[in-house]
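Overview (structure and organization)
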Amino acid sequence: MTLNYKSTNENPCNMCMPMGGILPYKGIEGAMVMLHGSQGCSTYMRRHMAEHYNEPIDVGSSSLNEKGTVYGGEKNLKQGLINIIMVYEPKIVGVLTTCLAETIGEDVERIVADFLKENPDVSSTIIPGSTPGYGGSHFEGYFTTLRQILKTITKATQPHEKLNIIIPNISPADIRELKRLLDTMDIKYTIFPDFSETLDRPYEKTYKKVPEGGTTIKEIEQMAGAKATIQFATTVEDALSPGKYLYDTYGVPLYNLPIPLGIENTDLLFETIQQITNLTMPDSIKKERGRLIDAMIDSHKYNAQGRAVVYGEPEQAFSVATLCLENGITPNVIATGSKTTKLSKLLQPGLKRKLVNQDAVNIIQETDFSVIRAAAVEAKANIAIGHSDGRYLTEKEGIPLVRHGFPIHDRVGGQRLLSIGYLGTTVFLDRITNTLLENKYLHYRTNMYQEYYKKAKTI
Amino acid sequence: MKVVVKLDSTKSKKKSFIAERSESISMKGHQKSQVKCDTDSVAGSMSQRACVFCGARVVLNPITDAIHLVHGPIGCASYTWDIRGSLSSGSELYRNSFSTDMKEKDVIFGGEKKLEQAIDELVDEYHPKLMFVYSTCIVGVIGDDLDAVCKKKSLQYGIEIIPVQSSGFIGNKAAGYRAACDAILKIIKPEETTSQAIIERKSNCKRVINYLGDFNLAAEAWIIQGYLKEIGIDINVTFTGDANYEALKKATDAELNIIQCAGSMTYLAKKMEELYGIPYMHISFLGIEDTKESLRRIAHFFQNIELEEKTEKLIAREESQIAKTLHWYKQQLQGKKAAIYVGGGFKAISLIKQFNEIGIEVVMVGTQTGRKEEYDTIADLATAGTVILDDANPSELEQFMTEKAADLLVGGVKERPLAYKLGVAFIDHNHDRKHPLSGFIGAVNFATEVHSTVCSPVWKYV
């Protein structure tokens, strides 16, 4: 399969900017979000998120119609804000643009300012943001929005002891694991954004339209006075980086780390914590680390046979690729639908140190699944690690898929996938190793028969 | 323009309602006025509807050997990639999601060149006979001439490249159905359109019908095809489940068009009657009563005793096979209350009847794109006190399900988590389901699914 597409994307590996922009608002207390565009955008994104998180996902739309498109969508946007504020009584309303709003040149900031002037009773903070669907992938949409929220809410404040922890799109279960680790060490922190409760809610008798949980406005305000920021966003450009914004504006020291997935990345987190706070790793976490090493030893020979296709958001692709490398799995294909200059650079030292044949590794950015599939076949991959959209690698090429990242829409429990910290890595690594073993055992008899019996017969 | 919000600090239930939505909600027996429908969604009302592009894509996408190329930014193609359970007996080309992946510079300088090149690449790679090119919001705004590009490329390659005018903002999902039907009409246009030719063709093809508005989700079109074949009727083309280019070209050979999904396909049927003299009838294969009645009406159309006898034989056999099972389910489910929130009005009507067949009363009925005449029928079928609503939102669904003490909701993917969070059972009547709900077998599957969720042990713990 050799494709030479220049103008066609065949089976996308990424989503659009507003999609990424919705998620941060789900991690802020009492927040609602609204898309300025046609009705379809919000419906599609709600559906995508509802399937992944198995939670109700309310995302408003200004429902731009033909008239609004021709004469401007100001009336729709204002009416939409009124209705959302009335029904949901939010503390914050995020307003994100779509392709449509951007193309017709809507000045959302001006419209929102006018709206607030005309409606002095409104106490909600309204945050306009620019997320044109053609401007980048959901990955950029996510970080752009985080930065926009900080720009609007944070203000100069007294220095305090708390740490800012800025996270990429990891699962609610991962966020809870991160909190557990920090709590164990008695560290004071602000997770931003924190959708661990809102997108993985416990069942309770009374239904709440806006679920409890999320980073509070007060916490966000005070992020300017934090002792330091730990941000898991090594592949994010400075212009989009929320941590860089806090550093540039308020001088908050920034530690930009990979997602603490895998032993090296998690070690790095604890080393950084020690550097900032002087706190060393408690015994209970040392034991978790020891168990991870034990698990790595148990499975190292099975993993050595792994030829993996790793894909997804750049930050996830990087951490999963490093996990593969430290476990002897060759990440033959490392791919992302987003545009990134950093992923390849960041991966080089690890590849150099750990692989005999670095040329066997194909790092592809801004790509689609037609390219990933062809590369996977060429590399004779026996495992894929990434979100649900790669399921055709299994269906068409027989490459088993370990589901990780977003979106997971053909399995239940995307919100419960645990993969960070020593404990999460252990669980995740077991899933990977067991998938390799299952695949091996499933084909072992036929493969050996074909390879040796048949060959011997024909000689 | 000046709009003023009056924020009431008291927590009253009334606030769940947006004033502009009041005419879209009614209660049977309490007011005479019709439910307002077929209008644009209210901004900020959290509508569950999709856009024009979505409507067009869901209708056309099951055409199996076509390239479905989305001309627009990547999102539109990302969110609609093989999201349904439509099955194919042949080509799998339709399960790919192709996009021109427009970027900022394409928006500024126009996307026609990129579209042309994308068509070139796809023809080179797949040699298709048929390609649909969907317009999205951006394309509608920047004014790329889809018609001209498709025409040019169509002539260049000698294949059919059909533009689908589906910019998201030019209406709602129903406008997308229409755009899809217009695209289909361009394909099925026969080369000779004299009435003589049509008469001749028809005299050669007895008892051949088209099946409109079935997308072959979980083999549903094949199930109905089996029933009809047994009584002596061949399905010519299914629109659009498991349809392909060759089949679509023969569409005008049929003597009758039957329509399952009225919302998406009535327009096509009317056009085919107008242009080619093919009569149509609305049928429904959801639920036993509707399935029986539909089979009888189709058989009756042909005015043939043998056909009608075979139909009765099939009905008697199928019914007796499932009677005991359904009776048991009915006993278990008697007295439960259901809420319905689905895409089209015709489906809602069938569902009310189907729930009654298994002893369940419907207390709330809503649709995304129902039409006036469908809401009339719904109002006739509903019992007093039933809430009827058009283009509902989560807040309203929550309020009425709670108020009416519904035991289950039938709806789509977005509604499922809401129902579960309210401790209410749920039935997927969406496009990605993997089990058929049509015909006699579908009626059993439906009852089984209702039982599995309403009577699940899990509710003991909530």
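Residues numbered from 1 in each chain as written. Chains lettered and ligands numbered in written order. Predicted model: local features only at pLDDT ≥ 70, side-chain atom pairs only at ≥ 80, totals over all residues. Heavy atoms only, no water.

1. Quick look at the overall build of chain B
Looking only at helices and strands, chain B features 18 helices and 14 strands. What you see for chain B is a C-alpha radius of gyration of 23 Å, in line with the 23 Å of a compact globule of 462 residues. By principal-axis analysis of the C-alpha atoms, chain B measures approximately 70 × 65 × 40 Å. For chain B, buried positions account for 62% of its 462 residues. In chain B, the 56 positive side-chain charges and the 60 negative ones have mean positions that sit 5 Å from each other. (Helix = DSSP H or I, 4+ residues; strand = E, 2+ residues; numbered from the N terminus. Rg over C-alpha atoms; globule rule 2.2 N^0.38 Å. Buried < 20%, exposed > 50% of the residue type's maximum accessible area, 1.4 Å probe, protein only. Lys, Arg positive; Asp, Glu negative; His and termini not counted. Charge placed at Lys NZ, Arg CZ, Asp CG, Glu CD.)

2. Regarding the interface of chain A and chain B
Interfaces are frequently sized by the accessible area removed from exposure as the parts join. Between chain A and chain B, the residue contacts involve 77 residues of the former and 76 residues of the latter. Among the residues chain A hides against chain B, the three largest losses belong to Ser7, Tyr44 and Tyr134 of chain A. Together they make up 11% of the total. The interface formed by chain A and chain B holds six salt bridges in total. When the shortest N-O distance is used, the salt bridge between Lys103 of chain B and Glu366 of chain A registers 3.1 Å. The interface formed by chain A and chain B contains 28 residue pairs in polar contact (both at pLDDT 80 or more). For the side of chain A that touches chain B, the secondary structure elements donating two or more residues are strand E1 (9-10), helix H2 (39-53), strand E3 (60-61), helix H3 (66-71), helix H4 (74-88), helix H5 (99-103), helix H6 (108-118) and helix H16 (391-397) of chain A. Residue contributions to the side of chain A that touches chain B peak at 12 residues, all from H4 of chain A. Taken together, the residues that form the side of chain A that touches chain B break down as 29 nonpolar, 26 polar and 22 charged. In terms of strand pairing, E1 of chain A meets strand E3 (residues 98-99) of chain B through two bridges, oriented antiparallel. Opposite Glu10 of chain A, over in E3 of chain B, you have Phe98 of chain B as the bridge partner. (Contact = heavy atoms within 4.5 Å. Buried area = accessible area lost by both parts, 1.4 Å probe. Salt bridge = Lys/Arg side-chain N within 4 Å of Asp/Glu carboxyl O. Polar contact = N/O pair within 3.5 Å; in protein donor to acceptor, adjacent residues only side chain to side chain. Nonpolar A, V, L, I, M, F, W, Y, C, P; charged D, E, K, R; others polar. Pairing = 2+ DSSP bridges.)

3. Quick look at the packing of helix H7 (residues 173-188) of chain B against helix H11 (residues 262-276) of chain B
All names here are of chain B. Contact geometry of H7 with H11 gives a least axis separation of 8 Å together with a crossing angle of 35 degrees. The interaxial crossing formed by H7 with H11 has right-handed handedness. Mapping the contact onto sequence places Tyr177, Arg178, Cys181, Asp182, Ile184, Leu185 and Ile188 in H7 and Gly263, Ser264, Met265, Tyr267, Leu268, Lys271, Met272, Leu275 and Tyr276 in H11. Across the contact of H7 with H11, the residue classes tally to 11 nonpolar, two polar and three charged. (Axes fitted to C-alpha atoms, helices over the stretch in contact; angles between N-to-C directions. Left-handed = near helix turned anticlockwise from the far one by under 90°.)

4. Some points on the domain arrangement of chain B
Residue and element names in this part refer to chain B. The domains assigned to chain B are domain 1 (22-40 + 322-460), domain 2 (52-171) and domain 3 (195-316). Put simply, the middle of domain 1 and the middle of domain 3, counted by C-alpha atoms, are 27 Å apart. Approximately 1,900 Å² of surface area, both sides summed, lies buried where domain 1 meets domain 3, with 64% of it carried by carbon and sulfur atoms. On the domain 1 side of the contact with domain 3, Phe346, Ser438 and Phe440 bury the most area, a combined 34% of that side's loss. The interface formed by domain 1 and domain 3 contains two salt bridges. (Domains from an automatic or database assignment.)

5. A word on the sheet that holds strand E14 (residues 401-403) of chain A
Residues and elements named next belong to chain A. Taken in spatial order, the five strands make up an open sheet running E12-E11-E10-E13-E14, and their pairing is parallel. One side of each edge strand has no neighbouring strand; the edge strands of this open sheet are strand E12 (362-364) and E14. Sheet twist, expressed as the mean angle between neighbouring strand axes with direction ignored, is 20 degrees. Bridge analysis of strand E11 (residues 330-335) against E12 gives three bridges, and the strand direction is parallel. The residue bridging Val333 from the neighbouring strand is Asn362, located in E12.

6. Focus: the UniProt feature "domain: Nitrogenase/oxidoreductase component" (unreviewed entry) in chain A
Within this structure's numbering, the places UniProt gives as "domain: Nitrogenase/oxidoreductase component" (unreviewed entry) are residues 16-436 of chain A. Its end C-alpha atoms 32 Å apart, residues 16-436 of chain A is made of 48% helix and 13% strand. (UniProt positions renumbered as here; feature names shortened; annotations may be inferred.)

7. Things to note about the domain arrangement of chain A
Residues and elements named next belong to chain A. The domains assigned to chain A are domain 1 (17-139), domain 2 (163-277) and domain 3 (295-446). Taking only C-alpha atoms, the centre of domain 1 and the centre of domain 2 are 24 Å apart. Across the boundary between the two partners, domain 1 contributes 19 residues, which contact 21 residues of domain 2. Across the domain 1 to domain 2 interface the summed buried area is about 1,600 Å²; carbon plus sulfur atoms make up 67%. Of all residues in domain 1, Glu29, Tyr53 and Glu55 bury the most surface against domain 2, accounting for 29% of the area lost on that side.

8. Quick word on the packing of aromatic side chains
Where two aromatic rings form a pair, the distance of their centres and the angle of their planes describe that pair. Within the structure shown, the criterion is met by 18 aromatic pairs over all chains. A centroid spacing of 5.9 Å and a plane angle of 40 degrees characterise the contact between Phe369 of chain A and Trp81 of chain B, whose relative ring orientation is tilted. Here Phe369 of chain A is found in helix H15 (residues 369-378), whereas its partner Trp81 of chain B is found in the loop between helix H2 (74-78) and E3 on a different chain. According to the relative accessible area criterion, Phe369 of chain A is buried, its value standing at 5%. Ring plane angle 70 degrees and centroid distance 5.5 Å describe the contact between Trp328 of chain B and Tyr329 of chain B, whose orientation is recorded as edge-to-face. (Phe/Tyr/Trp six-rings, centres within 6.5 Å; stacked < 30°, edge-to-face > 60°.)

9. Topic: the sheet that holds strand E7 (residues 189-192) of chain A
All names here are of chain A. Strand order in the open sheet formed by four strands is E7-E6-E8-E9, with parallel pairing between adjacent strands. Across the chains shown, the open sheet's two edge strands, defined by having one partner strand only, are E7 and strand E9 (254-256). The average undirected angle you get between the axes of adjacent strands in this sheet is 20 degrees. Pairing analysis gives three bridges linking strand E8 (residues 228-231) to E9, with the strands arranged parallel. Bridge assignment links Gln231 to a residue of E9, and that residue is Asn256. Packed onto the sheet, helix H11 (residues 263-277) meets strand E6 (163-166), E8 and E9 and runs at close to 175 degrees relative to E8.

10. Points about empty space enclosed by the protein
Per the counting criterion, the structure on display carries 10 cavities of 30 Å³ or more. In this structure, the second largest cavity encloses a volume near 200 Å³. The set of elements that each furnish at least two residues to the lining of the second largest cavity consists of H2 and H5 of chain A together with H2 and helix H5 (137-142) of chain B. Ranked by the residues each element gives to the lining of the second largest cavity, the list is headed by H2 of chain A, at four residues. By residue class, the composition of the lining of the second largest cavity is 14 nonpolar, seven polar and no charged. (1 Å grid on protein atoms, 1.4 Å probe; cavity = no way out; pocket = protein on both sides within 12 Å on 5 of 7 lines; lining within 4 Å. Points joined across faces, edges and corners; volume = space filled by probe spheres on them.)

11. Focus: the nonpolar core
Formed by 137 residues in total, the largest nonpolar core has its most connected members in Ile165 and Ile167 of chain A together with Phe132 and Phe239 of chain B. Considering every element that reaches this core, the biggest residue donor is H7 of chain B, with nine residues. Ignoring any residue separated from it by four or fewer positions in sequence, one finds Phe132 of chain B in contact with Leu60, Ile63, Ala66, Ile67, His68, Leu69, Ile162, Val164, Ala183 and Ile187 of chain B. Tyr227, Ile258, Leu326 and Ala338 of chain B belong to the second largest nonpolar core, which has 55 residues in total. (Core = buried A, V, L, I, M, F, W, Y, C linked by side-chain atoms within 4.5 Å.)

12. Some remarks on unusual backbone geometry
Looking along the chain, the bond that leaves Phe406 of chain A and enters Pro407 of chain A is cis, with omega of 0 degrees. A cis amide bond links Phe239 of chain B to the next residue, Thr240 of chain B, at an omega of 0 degrees. Position of Thr240 of chain B relative to the elements: it lies in strand E7 (residues 234-240). A positive phi is found at Glu89 of chain A, a non-glycine position, where the angle reads about 45 degrees. Structurally, the position occupied by Glu89 of chain A is in the loop between H4 and strand E4 (92-97). One non-glycine residue, Asp242 of chain B, lies in positive phi territory at about 50 degrees. In this structure, Asp242 of chain B sits in the loop between E7 and helix H10 (245-249).

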